[in-house]
Amino acid sequence: MRHSALHIRFGVSKVGADAVGTSLPLSTTSESGKVLVEEAEKLGRKILVGHHRRFNPYTIQAKNIISRGELGQILAIQGTWTCLKPKDYFEGSTSWRKSSANGGGVVLINLVHDVDILRYLCGDVVKVYCQRGPSTRGFDVEETGAMVLTFESGAVGTFVFSDAVASPHSWEGATGENPMMPFTGQTVYTFFGTKGTFSIPQLT
């Protein structure tokens, strides 16, 4: 598992290549992210960020449904990413996951993927309010939180995230994308429109 805080260091060192590939998150701070983007622009290079969920069959179908206007105007979105990570997830070579300075925490490791999908399907987010939840492990990272999102279109959304709860509601469980997590088929996103509503992974 990649160390989030090293993405910028490796990215800048490789920016002389024709293209640079990086996992999510692009960086752990907006300042360091700008450094990589500016270096790439200076050299006329492209940066490929690992938004792999955009190519998942569920995402492709959802994108088609929304693009065809089947939901009408999307007014609200509801999302969830919740699971219970085991103790050894934070030990050994991956102990960096305990540290916010090193890019640990459910926001930078997991939630970045969900926010990308919501932006891909519903447009840019222009306002965010986030409330951090309680800590059960005592690490220097967030475990649980809730967000209220305002999209450029005017749509609003809520999102609950946690890696410290026993729950079937995660992208990996919903879609079966990660064989290390059990398939549940439970809802993770719901889109509410003036002509219809559907959820992922059900697509109904």
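Everything quoted here is computed from the prediction, not taken from an experiment.

Overview of the overall build of the protein
Link 1 in the chain: Across its full length, the protein carries five helices and eight strands.
Link 2 in the chain: Of the regular secondary structure in the protein, the N- to C-terminal order runs α-β-α-β-α-β-α-β-β-β-α-β-β.
Link 3 in the chain: For the protein, the C-alpha radius of gyration of 18 Å lies close to 17 Å, the compact-globule estimate for 204 residues.
Link 4 in the chain: Oriented by its inertia axes, the alpha-carbon framework of the protein measures out at about 50 × 45 × 30 Å.
Link 5 in the chain: Put simply, the protein has 204 residues, and 39% of those count as buried.
Link 6 in the chain: Within the protein, residue pairs in contact and separated by at least 24 positions form 63% of the contacts whose partners lie at least 6 positions apart.
Link 7 in the chain: When the accessible surface of the protein is summed, it comes to about 10600 Å², and 57% of that surface belongs to carbon and sulfur atoms.

Overview of the pattern of salt bridges
Link 1 in the chain: In the structure shown here, the tally under the stated rule is eight salt bridges.
Link 2 in the chain: Residues Lys85 and Asp163 are paired through a salt bridge, measuring 3.3 Å at the closest nitrogen-oxygen approach. Taken together, the residues span a long stretch of sequence, with Lys85 in the loop between strand E3 (74-82) and helix H4 (106-122) and Asp163 in the loop between strand E6 (156-162) and helix H5 (171-175) at a distance of 78 residues. Note on accessibility: Lys85 and Asp163 belong to one class, buried.
Link 3 in the chain: The partner of Asp124 in a salt bridge is Arg119, and the shortest N-O contact between them spans 2.6 Å.
Link 4 in the chain: With a relative accessible area of 36%, Arg119 lands in the partly exposed category.

A word on the side chain of Ser99
Link 1 in the chain: Looking at the secondary structure, you find Ser99 in the loop between E3 and H4.
Link 2 in the chain: With relative accessibility at 17%, the residue Ser99 sits in the buried group.
Link 3 in the chain: In contact with Ser99, other than residues within four places in its own chain, are Gly104, Asp140 and Val141.

Description of the domain arrangement of the protein
Link 1 in the chain: Assigned domains within the protein: domain 1 (3-49) and domain 2 (52-200).
Link 2 in the chain: Centre-to-centre, using C-alpha coordinates, domain 1 lies 24 Å away from domain 2.

Brief notes about the nonpolar core
Link 1 in the chain: Within the largest apolar cluster, 28 residues are counted, with the highest numbers of intra-cluster contacts made by Tyr189, Phe191, Phe198 and Ile200.
Link 2 in the chain: Every element with two or more residues in this core is listed here: helix H3 (57-67), E3, H4, strand E5 (144-151), E6, H5, strand E7 (189-193) and strand E8 (197-200).
Link 3 in the chain: Examining the composition of this core, we find that six residues originate from one element, H4, more than from any other.

Definitions and cut-offs
- Residues numbered from 1 in each chain as written.
- Predicted model: local features only at pLDDT ≥ 70, side-chain atom pairs only at ≥ 80, totals over all residues.
- Heavy atoms only, no water.
- Helix = DSSP H or I, 4+ residues; strand = E, 2+ residues; numbered from the N terminus.
- Rg over C-alpha atoms; globule rule 2.2 N^0.38 Å.
- Buried < 20%, exposed > 50% of the residue type's maximum accessible area, 1.4 Å probe, protein only.
- Contact = heavy atoms within 4.5 Å.
- Areas by Shrake-Rupley, 256 points an atom, 1.4 Å probe, with all protein chains shown as cover.
- Salt bridge = Lys/Arg side-chain N within 4 Å of Asp/Glu carboxyl O.
- Domains from an automatic or database assignment.
- Core = buried A, V, L, I, M, F, W, Y, C linked by side-chain atoms within 4.5 Å.

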